[in-house]
Amino acid sequence: MSKHQKNRIDLIEEKLETMTKTKWAKGMRITSGVTWNLFLLFIVVGLTLVVFAGSVGAGYFASLVAKEPLRSKQEMRDAIFTYEETSELYLAGNIYIGKVNSDIERKETKLESVSPFVIDAVFATEDEYFAQHEGIVPKAIFRGLLQDVTNSDNQTGGSTLTQQLIKNQILTNEVSYERKAKEMLLAMRIEHFMTKDEILEAYLNIIPYGRNSNGQNIAGIETAAGGIFALKAAKLNLPQAAFIAGLPQAPFAYTPFKSGGGLKEQEFLQPGINRMKTVLFRMKETGYITEQQYNEAIVYDITKDFREPVMRANERYPYLTQEIQNRTVDILAGIIAEKDGVDAERLEQEDKLREKYSILATRSMKNDGYRIYSTVNKDLYDKMNEVGNDFESYGFTYTREVKDSHSGEVEFAEDPVQVGAIMIENSTGKILSFIGGRGHEHEALNHATQAFRQNGSAMKPLLVYAPAIEYGVIGAGSPVVDVKFSVKQANGSMWTPSNYTKSMEYGIIPAREALSKSLNLATARLYRDILDRRPAEFLDKMGISKLLPGDYVNPSTSYGGMTVGMSVEENTNAFATFANGGQFIDAYIVEKIEDMDGNIVYQHEIEPVDVFSPETSYIVTDMLRDVVKTGGTGSQVTQNMKFNTDLAAKTGTTQGYGDAWLVGYNPNVSLGVWLGYKDRTRSLYYGLEKQTLHPTTRTSMLFARIMNAANEVTPEIVGASAKFSRPNGVVEKSFCGISGLAPSAACSSAGLVKTDLFNAKVMLPTKPDDSITSSSYVSVKGTRYLALPSTPSEFVSSGGTGVNQVFIDRMLGPWGGDASKLFPANSAFASHVVSGAIFNADDVAPAPVNVSLNGTTITWGNSPSNDVIGYYVYDNNVKIGTIRDGSSNSFTVGSGSYSVKAVDITGRLSNGSNAVTIAAPEPEEEVIETPPTENVPPVTPPPVTEDGNDGGTPPPTSGDDETGE
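Cut-off values and rules
Residues numbered from 1 in each chain as written. Predicted model: local features only at pLDDT ≥ 70, side-chain atom pairs only at ≥ 80, totals over all residues. Heavy atoms only, no water. Axes fitted to C-alpha atoms, helices over the stretch in contact; angles between N-to-C directions. Helix = DSSP H or I, 4+ residues; strand = E, 2+ residues; numbered from the N terminus. Parallel < 35°, antiparallel > 145°, perpendicular 65-115°, else oblique. Left-handed = near helix turned anticlockwise from the far one by under 90°. Contact = heavy atoms within 4.5 Å. Disulfide = S-S within 2.5 Å. Buried < 20%, exposed > 50% of the residue type's maximum accessible area, 1.4 Å probe, protein only. Pairing = 2+ DSSP bridges. Arc of directions from axis to C-beta. 1 Å grid on protein atoms, 1.4 Å probe; cavity = no way out; pocket = protein on both sides within 12 Å on 5 of 7 lines; lining within 4 Å. Points joined across faces, edges and corners; volume = space filled by probe spheres on them. Nonpolar A, V, L, I, M, F, W, Y, C, P; charged D, E, K, R; others polar. Polar contact = N/O pair within 3.5 Å; in protein donor to acceptor, adjacent residues only side chain to side chain.

Side note on the packing of helix α6 (residues 161-169) against helix α8 (residues 196-206)
Argument step 1. Look at α6 against α8: their axes get within 10 Å of each other, and the N-to-C directions meet at 50°. What the angle tells us is that α6 and α8 run oblique. For α6 against α8, the interelement crossing comes out left-handed. Contacts between α6 and α8 involve L161, T162, Q164, L165, N168 and Q169 from the first element and I199, L200, A202, Y203 and I206 from the second.

So this is what it looks like as structure tokens:
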């Protein structure tokens, strides 16, 4: 330091010392000291308060999150990425038809499939500092806290995208400081476990966006783009992106659509449009768009882009979507229960357990984003239901009173004839199509799959004829007995069934004819012969689900009298067993289920069940071919079909025509049709006089039209040219037609030998027939009976074919019956065989007849008595002729007085008829010719008048009068 500098410092110090000795300087020094000390005190107190407040805040924050468990990285990632996605429905050929019914609709998308405008709009509106923050923005939190404490009207919010994601996926929407604290904590943690792109993508997939054009709640950007603008998220333009980005602040206030679907009125659209403009402004202010883009977007008419409402899948296909969803729930319930270690049998038997897993499966089906693939062919389904809708011959529609559950008012509802129909692919069990009913608005019940009704005579081949052939009891043409009986049932009542025509008995008749004519008496008797083998177990193997213990033993089950009944699906599926060579393949409608990542959750597998042999199946099929031929109950089917195919079928009606069925199949497909009222006591038929078609006529017509439609739209599925192949074990063998035994010489000479199909593996007619005897017989109304000792000999024929008592007892069996009905007039054997029974004659003389004359022939009608074997003709009480039963009731006569008496089998005569007389002709006078004489004068003719008549006779007159009018 220089001397000069040292002097200057000394001078300054001297001056300062002088100044401090002054009065004001002393005061200043004291004041500054106090101020400084106070400042230091405030700093210390302030820091202490800050530390204290921070400690209290930290403690409070810690207390708020104390119960929040420490979640692992994987737990948090799983929770974030596990968001509900609406499952989708597909038909055969991967044809998308829509989404399942759910509370909220959502479809997942990837970040790269979202328009950049959407991402920029979300950043500008929801989280400007998304790229920089680590889960929270402190100043935004303090701003939000201050607004909350001061109850400010301007609530700007303080949640980042990460916090909103945490709130929606891990926490709840509860408004509390505890939830907010947990949200901040978890947001900071998840930022360490997920990338920014992952967080943004998850946010865009979970955030609610109000409603779509149908009024359904929606979430996720892809669903919002489609539901509001009918676009993919990648195709959204700037105004559209801004509109959607503005929705999450108030989804249901800003959505353009009403809760029931359709566009809101203009005044209620404006808040959403204003919100869109706010988003655009923020995008401009934050630099995401230019001034020009903003100016163009702000005047954009967004309302022209809002989509029109479209019918949902459950509205377009209510029966179909509901059926697929129901089956999916059943499948998923089994899968979930299996994962929980629950046995499938327990799940089936325990109602509460099944209910629990059905609820879980329903949630999963709706919200887990499955792709559910069905077997139904869309073209076939559309066409089949078109045929069902257009069918004009269902019958009368009733109205019934119903009380509105809300208002309590009584209204009238329609009760139409309902329909259920289903088509199944035989070889796979795929349900190709169905008709669920006459309109979901009438009844939501699917009558093809969910309605259980007695199946009438459609039961006969399933429960009686096929088992009887399988057991080796009959072949296709074996004789069965159609004779009335009456037996006492277990409950003490008498069971006295009858055929469709109550008075009709066909006697001994081939089994195939009994089936094609659908005879109840023959079926019931055959069923009695096999009942001890429990043939209903075949029904169980074929998936008939509602069998009760009584159905296994009740004889009336043989022609459809089940306690509960079966669905159209079950009945049709059972018939397909014959088409499959005796293997039952369970029908199904869900082909596979995939999760949202394309992993197969479920794949249907075919599991054939052996029920009947191929031989039995073919023989039954051949018998059922006769049903649709002339004389069969389903002959009108082929009359209405426009193409030929190898078709086997069976009709069925229940008591009082409450139900009408027709089930048929060719080698490729099986089709079942049912008609009936919801009220089972209502009849489908009131006779031709009521102008109603017979129920079987209606089912035949509808069956044929559905087959025509199926062959039109899916000929490759119907396979009209396919033929059933006869197995080697099915052979043709001859047998005695009345006994089913091997032909004897007597059977052959009587012309009773028949030939038909047999299952060579279980039955061939080898024992020679021993039923035939030679007898004298008399005919009564076309049927042969043993002559009585008192029967007049002129009515008796000798050398006839009779049957012995052993045969009669064997054929009638334990249920007995009138042996005289074994060969009634309508039997094919009546003209060949004596019944073997003694005819029970009336106890009185036969009733007389009335005779009329036609030229030289007298004729008369049949006596109303039941035991008449013929007639005697009398001339003046002298018998001149004998007319046997079955001959023409006429006799050629000459002059005389004629009458007729009826003769009964005991020889009694009726009173004489009225007499008719033919007079003897007058004898002709003898004409004697005289030879001409000579010289006889000529005769002079009378004079002729002008009109050309002789004078003795007036001219004829015209029918017209003189005026000619």
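What about the state of the cysteines?
Argument step 1. Evaluation of the coordinates by the stated rule reveals 1 disulfide.
Argument step 2. Through a disulfide, C736 is tied to C747; the S-S separation comes to 2.3 Å. Across the disulfide from C736 to C747, rotation about the S-S bond amounts to roughly 105°, and the bridge is consequently right-handed. Pair noted here: C736 is in strand β22 (residues 730-736) and C747 is in helix α28 (residues 745-749), with a separation of 11 residues, a long-range link. Each of the two residues, C736 as well as C747, counts as buried.

Here's the deal with the pairing of strand β9 (residues 418-425)
Argument step 1. Judged by how many residues are buried, β9 sits mostly within the fold: 8 of 8 residues are covered.
Argument step 2. Burial along β9 is two-sided: the residues Q418, G420, I422 and I424 and V419, A421, M423 and E425 are all buried.
Argument step 3. Sheet topology places β9 next to strand β21 (residues 669-676); 8 bridges connect them, and they run antiparallel. Bridge assignment links V419 to a residue of β21, and that residue is L675.
Argument step 4. Across 4 bridges, β9 lies against strand β10 (residues 431-435) in antiparallel orientation. Bridging from a neighbouring strand, M423 pairs with S433 of β10.
Argument step 5. Counting the residues in the hairpin turn of β9 and β10 gives 5 residues, including G429, whose phi is positive at 85°.

Details of the sheet that holds strand β6 (residues 371-374)
Pairing between the strands of a sheet is mediated by backbone hydrogen bonds and can be parallel or antiparallel.
Argument step 1. The 5 strands are arranged β2-β1-β6-β16-β17 in an open sheet whose pairing can be described as mixed. Strand pairing shows two members of the sheet lacking a second neighbour, β2 (95-99) and β17 (600-603), which therefore form its edges. With direction set aside, neighbouring strand axes in the sheet form an average angle of 20°.
Argument step 2. Sheet topology note: the β6/strand β16 (residues 590-594) ladder contains 4 bridges and is antiparallel. Each residue of the ladder has a partner; that of Y373, found in β16, is K592.
Argument step 3. Strands in contact with helix α15 (residues 318-339) are β1 (88-91), β2, β6, β16 and β17; relative to β16, the strand with the most contacts, it is inclined by about 65°.

Remarks on helix α3 (residues 73-81)
Argument step 1. Inspection of α3 places M76, R77 and I80 among the buried residues, and these make up the whole buried set. Down the axis, α3 shows its buried residues gathered within 100° of arc, on one side only.

Some words on empty space enclosed by the protein
Argument step 1. For the coordinates displayed, the defined rule picks out 1 cavity of 30 Å³ or more.
Argument step 2. Of the voids in this model, the largest cavity is the one considered here, and its volume is about 40 Å³.
Argument step 3. The wall of the largest cavity is formed by R400, E414, D415, P416, Q418, H442, E443 and K678.
Argument step 4. Taken together, the residues of the lining of the largest cavity break down into 1 nonpolar, 2 polar and 5 charged.

Quick notes on the sheet that holds strand β20 (residues 659-665)
Argument step 1. Ordered by their spatial adjacency, 5 strands build an open sheet running β10-β9-β21-β20-β19, and the pairing between neighbours is antiparallel. At either margin of the open sheet sits one strand with a lone partner, and together these are β10 and β19 (648-653). If you compare each strand with its neighbour and ignore which way they point, the axes differ by 10° on average.

Quick look at the side chain of N377
Argument step 1. Along the chain, N377 falls in the loop between β6 and α18 (378-390).
Argument step 2. At a separation of 2.9 Å, a polar atom in the side chain of N377 contacts the main-chain amide nitrogen of L380.
Argument step 3. With near-sequence residues (within four places) excluded, N377 lies in contact with A92, L432, T714 and I717.

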